[in-house]
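Chain by chain, the residues run as shown.
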Amino acid sequence: MRTLALFVLSLVLAASAAFVQGPAGQDPAALHARTPRRLVIRNAMVIYGNAKPAFGPVDVVVDAGVITAVGPRAGAGGPPADAVIDATGKYVMPGMVNTHMHWHEERAPGVPQPIQYERNLYLASGVTTARELGGNLAKTKRWQKESHDHTIISPRIIAFTRPSMGKLLTPDEIRQGVRDAKAAGADGLKLMFLDRDQLEVVMSEAKALGLPTTTHIGVEETTAKDYIELGVTSIEHFYGIGDAALDGIQNFPADMNYTNEFHRFARAGELYAQANPDKLRAIVELMASKGVAWSPTLSIYEASRDVTRAQTLPWYRDYLHPSMELYWKPNLDNHGSYFVGWGNTQEVRWRKNYRIWMDTLRHFGLHGGLITTGDDAGYIYSLYGFGLVRELELHEEAGFHPLEVIAHATTNGAQLLGLGDRLGKVRVGFTADLLVVNGNPLDNLRLLNPAGTDVVLNGQLTCGGGVEWTIKDGIPYHGPTLMAEVREMVAEARRKTGTTTP
Ligand SMILES: [Zn+2]
């Protein structure tokens, strides 16, 4: 109680002293994208990352990109800092791990989308590590190195790839496809569209090469059960888990055509209602017991339960690139733009699907399953970074405490990527991937939204929140600066394409 009272008092003092130049005013301020030798974040409340309660206020000291001290006045001793962030009234948490994303340089054909647009949006949303699940591997590997060397402004990159599908014919060719992926530098494999015999070969070769695996299971011969048995590292989305819990197969109507995305996505929204509830619980218990992680990507399908909401999000005005705006227009030729004749009936079914899906995810978590957060943005009205913050909000809706939700996005993500010994916690000796949040995200996860959100400050309703600083490898990136650059990129692209504000 006393700590809380002191903290509240410090907030009041900070607010009233905001325009007074105190001793803090002589500190060298952190500068956007400038590498400091010693960075001190002063007077912060800390969300550690593994779901233990927040604590503080403390200083967080970073030397050469590594957290070297966390404690009251920890920044007071030792050599002077060459960059200081005053975090009074703010919360510091680990940088977030997006375990399912794609890099895009174009969405609508012929309308380029600068890659920096996506990088800025992710960083400004607090993403410091991004796992791409399928893309242009050679390009992503180059960006991975440039991000590692800090020659570009970007989250840290992990590159998973799909082994060449064209060669998946004989067992030898399948093995060769996996070896080729490894030789090309893949950090792991994304698997989809495999029959059981093919999957057995892929998994045995991946294990032999030490490649982690994840899967997007469609409606096919294999389900989550096959992947769990064969030791997959993680499962994306929801389909294969629901499919493993059906009595028989899903009750598709006679005119079902899987190529037609309206059919495909509308019927996907009926899957969990048709699944056997006992089998659903059993399959995720098996998954948890075998150590298979789940990146549910709840946010990427959300338009299916309320397309009007998805089409009218307020941040499109300043931040929606026209390449994506055009791509998202309902059109069965564009993956994920299946809202052609979408109606209330489909949405009602999807809402029911979500309730069961979320309960299943919660059951998985209660049985010790490792849950991570991915946004899969760039499709289905999900904007990079905004989608990840929405993912956190939906994890709360699924029944998780905000502390647990932040653990999903930080500690768990790092653990899934095999980086849990250096990322995902505000811990001495760990890499300084840190966020300085304007306010307490445990009180409202929406504070992480890079466009900010409604907050009450000094009795006034105003736009606040947002990630003030995203620190990656000890380098601070200023959220509002990143977002101002995004606004300029969008405005310029609108001028070039002759599109107007949506
Ligand atoms: Zn994806």
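Remember, it's a predicted structure, so these values are computed and weren't measured experimentally.

*Asks:* I keep staring at the pattern of salt bridges and nothing clicks. Help me out?
*Replies:* When their charged atoms lie close together, side chains carrying opposite charge are able to pair. Counting across every chain of the model gives 32 salt bridges. The salt bridge involving Arg 131 is made with Glu 236; its shortest N-O contact spans 3.0 Å. With Arg 131 in strand E7 (residues 127-133) and Glu 236 in strand E11 (residues 234-236), this residue pair connects regions lying 105 residues apart in the sequence. Owing to a relative accessible area of 2%, Arg 131 belongs among the buried residues under this scheme. By relative accessible area, Glu 236 is classed as buried at 1%.

*Asks:* Please explain the nonpolar core as it appears in this structure.
*Replies:* A general feature of soluble globular proteins is that nonpolar side chains tend to end up buried together. If you look at the biggest cluster of nonpolar residues, it comprises 118 residues, and the most contacted ones within it are Ile 241 and Leu 383. Excluding residues that lie within four positions of it along the chain, Ile 241 makes contacts with Ala 224, Ile 235, Tyr 272, Leu 280, Ile 283, Val 284, Met 287 and Trp 294. Ala 44, Ile 67, Val 92 and Trp 469 belong to the second largest nonpolar core, which has 21 residues in total.

*Asks:* Got a minute to help me understand the coordination of the zinc ion in this structure?
*Replies:* Listed as protein donors to the zinc ion are His 100 (NE2), His 102 (NE2) and Asp 376 (OD); their distances from the metal cover 2.0 to 2.3 Å. Each donor residue of the zinc ion lies on the same chain, and together they follow the pattern H-x1-H-x273-D. Assigned by exposure class, His 100 and His 102 land together as buried.

*Asks:* Would you mind showing me how to read helix H3 (residues 137-148) here?
*Replies:* Given 3.6 residues per helical turn, the α-helix brings residues three or four places apart onto the same face. For H3, spanning twelve residues, the distance from its first C-alpha to its last is 16 Å, which sits close to the expected 16 Å at 1.5 Å a residue. Here H3 has its buried residues at Leu 137, Thr 140, Trp 143, Gln 144 and Ser 147. Buried positions in H3, seen along its axis, are confined to an arc of 120° and lie on one side of it. Along H3, exposed side chains directed more than 90 degrees from the buried face belong to Ala 138 and Lys 145. As for H3, its buried residues are in contact with helix H2 (115-124), E7, strand E8 (156-161), helix H4 (171-183) and strand E16 (467-472). His 150 lies just past H3 and shows a positive phi near 60°.

*Asks:* How should the confidence of the model for the protein chain be read in this particular structure?
*Replies:* Low pLDDT means the predicted atomic positions in that stretch should not be read closely. Here the protein chain averages 94 in pLDDT, while 94% of its residues score no lower than 70. Looking at the elements of the protein chain, mean pLDDT is at its lowest for helix H1 (residues 2-16), recorded as 40, and at its highest for E7, recorded as 99. Across residues 1-22 the pLDDT falls below 50, and counting only partners more than four positions away or on other chains, this stretch makes seven contacts in the model.

*Asks:* Just checking my understanding: could you explain the side chain of Arg 38 for this structure?
*Replies:* Considering the arrangement of structural elements, one finds Arg 38 in strand E1 (residues 38-46). Here the side chain of Arg 38 touches Pro 79 through a polar contact of 3.1 Å, landing on its backbone oxygen. The contacts of Arg 38, once residues within four sequence positions are left out, are Val 61, Val 62, Asp 63, Gly 77, Gly 78, Pro 79, Pro 80, Ala 81, Asp 82 and Ala 83.

*Asks:* Help me understand the environment of Glu 468, please; the structure alone is not making it clear to me.
*Replies:* Relative to the assigned elements, Glu 468 resides in strand E16. The class for Glu 468 is buried, based on a relative accessible area of 17%. Filtering out sequence-adjacent residues up to four positions away, Glu 468 remains in contact with Lys 90, Val 436, Asn 438, Tyr 477, His 478, Gly 479 and Pro 480. In terms of polar contacts, Glu 468 uses its side chain to reach the side chain of Asn 438, at 2.8 Å.

*Asks:* Even after reading the chapter, I still don't get the packing of helix H8 (residues 261-268) against helix H14 (residues 344-366), so can you show me in this structure?
*Replies:* What describes two packed helices is the angle between their axes and the distance between those same axes. Interhelical geometry of H8 versus H14 gives an angle of 45° and a closest axis separation of 8 Å. Between H8 and H14, the interaxial angle falls into the category oblique. Note on element contacts: H14 touches H8 through Gln 346, Arg 349, Trp 350 and Asn 353, opposite Phe 262, Phe 265, Ala 266, Arg 267 and Ala 268.

Parameters and conventions
- Residues numbered from 1 in each chain as written.
- Predicted model: local features only at pLDDT ≥ 70, side-chain atom pairs only at ≥ 80, totals over all residues.
- Heavy atoms only, no water.
- Salt bridge = Lys/Arg side-chain N within 4 Å of Asp/Glu carboxyl O.
- Helix = DSSP H or I, 4+ residues; strand = E, 2+ residues; numbered from the N terminus.
- Buried < 20%, exposed > 50% of the residue type's maximum accessible area, 1.4 Å probe, protein only.
- Core = buried A, V, L, I, M, F, W, Y, C linked by side-chain atoms within 4.5 Å.
- Contact = heavy atoms within 4.5 Å.
- Donors = N, O, S within 2.8 Å, 3.2 Å for Na, K, Ca; no water.
- Expected span 1.5 Å × (residues − 1).
- Arc of directions from axis to C-beta.
- pLDDT = per-residue confidence, 0-100.
- Polar contact = N/O pair within 3.5 Å; in protein donor to acceptor, adjacent residues only side chain to side chain.
- Axes fitted to C-alpha atoms, helices over the stretch in contact; angles between N-to-C directions.
- Parallel < 35°, antiparallel > 145°, perpendicular 65-115°, else oblique.

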